[in-house]
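Reading the structure
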Amino acid sequence: MIVMKNVYKKYPNGVVAANGINVEIDPGEFVYVVGPSGAGKSTFIKMMYREETSTSGEIIINGVNLATLRNSRVPFLRRQIGVVFQDFKLLPKLNVYENVAFALEVIEESPKTIRKKVNDVLALVGLAQKSRMFPDELSGGEQQRVSIARSIVNSPKVVIADEPTGNLDPDTSWEIMRIFEQINARGTTIVMATHNREIVNTMRHRVIVVEGGLITRDEYEGEYSYES
Ligand SMILES: Nc1ncnc2c1ncn2[C@@H]1O[C@H](COP(=O)(O)OP(=O)(O)OP(=O)(O)O)[C@@H](O)[C@H]1O
């Protein structure tokens, strides 16, 4: 469960990117976050994984209040939340297997558990055959699959994605979306900021529209549209 109550965010330069956001997202939901450029979509989702802190208001993720969460506890929060970025953010010197295993090695899982979990998620994203390849040997779509595998290897309850298809061609974008649908079908909550109108209007889910730091519309099976 994700809860935001009266969330306000002012950046040090004076820009107000969240101006009183109230929202509840239930376990297992699939939510698109749409809106014009600069509307505050990235800020909205960055606050969910504490990449940015709110200036005021309450953000509660799976019972943890991010406002009072000490910095030293942030790594524990990140284990419960998978994050997928537009630009993949893979470690270039590690191969596919190692990029995914890294998330488990830092929490000192046993080598046997790591092998099993990494091989399972690589199979899920269709990369079992490419586990020894390096990021620069992969297509953009394959790199995004690695980053999705990495985001779910800890079995998080929530996966947050910031424009995950932003750097991909249309066919590859659909493939990536099908993987997100599969992950959601297993019960994982997905919160995804996107500019992809066709995807939002075809793979129907809840649509939250952010404009000027506010939620201006929130509809189940919603359409991609906003005022400005
Ligand atoms: N680190 C920052 N410091 C200062 N201002 C910022 C920072 N990050 C974002 N902003 C500002 O906050 C507002 C919202 O930005 P945000 O990135 O959340 O928008 P967005 O809806 O994700 O945009 P886009 O669709 O272009 O990615 C913008 O005016 C932006 O310039």
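Here the residue numbers are simple positions, counted from 1 along each chain's written sequence. The model is predicted, so local features are restricted to residues of pLDDT at least 70 and side-chain atom pairs to those at 80 or more, both for listing and for counting; the totals for chains, interfaces and linings are taken over all residues.

A separate point is the environment of Val-74. Every helix listed is a DSSP run of H or I at least four residues long, and every strand listed is a run of E at least two residues long, numbered separately from the N terminus. Mapped onto the fold, Val-74 is located in helix 2 (residues 74–80). With C-beta atoms placed from the backbone, a residue is buried if 20 or more other C-beta atoms are within 10 Å of its own, exposed if 12 or fewer are, and partly exposed between those counts. Residue class for Val-74 comes out partly exposed when judged on the 13 C-beta atoms lying within 10 Å of it. As a C-alpha pair, Val-74 and Asn-6 span 68 residues in sequence and 22 Å in three-dimensional space. If we skip the residues at most four places from it in the chain, Val-74 touches Arg-50 and Leu-69. By definition, residue pairs are in contact when their C-beta atoms, positioned from the backbone, come within 7 Å.

All right, on to the site of the ligand then. In this text, near has one meaning. A residue is near a molecule or strand if its C-beta atom, placed using the backbone, is within 6 Å of it. Taken together, Tyr-11, Asn-13, Val-15, Ala-17, Gly-35, Ser-37, Gly-38, Ala-39, Gly-40, Lys-41, Ser-42 and Thr-43 make up the full set of residues adjacent to the ligand. A per-element tally of the shell around the ligand places helix 1 (residues 41–48) first, with three residues. Under this grouping Gly is polar, as are all residues other than the nonpolar Ala, Val, Leu, Ile, Met, Phe, Trp, Tyr, Cys and Pro and the charged Asp, Glu, Lys and Arg. A class-by-class count of the residues in the shell around the ligand yields four nonpolar, seven polar and one charged.

Bringing the sheet that holds strand 3 (residues 30–34) into the picture now. Note: two strands are recorded as paired if DSSP finds a minimum of 2 bridges between them. Strands sit in the order 6-7-8-3-9-10 across an open sheet of six strands; the sheet is mixed. Of all the strands in the sheet, the pair left with one neighbour each is strand 6 (81–85) and strand 10 (214–219). With direction set aside, neighbouring strand axes in the sheet form an average angle of 15°. Note that strand 6 and strand 7 (residues 158–162) share five bridges and pair parallel. Note that in strand 7 the partner of Val-84 across the bridge is Ala-161. Only the stretch in contact is used when a helix axis is fitted, and all axes are lines through C-alpha atoms; the angle between N-to-C directions ranges over 0 to 180 degrees. Lying on the sheet, helix 6 (residues 170–185) is in contact with strand 3, strand 7 and strand 8 (189–193); it crosses strand 8 at an angle near 150°.

None of the figures reported here should be taken as evidence of function without further support.
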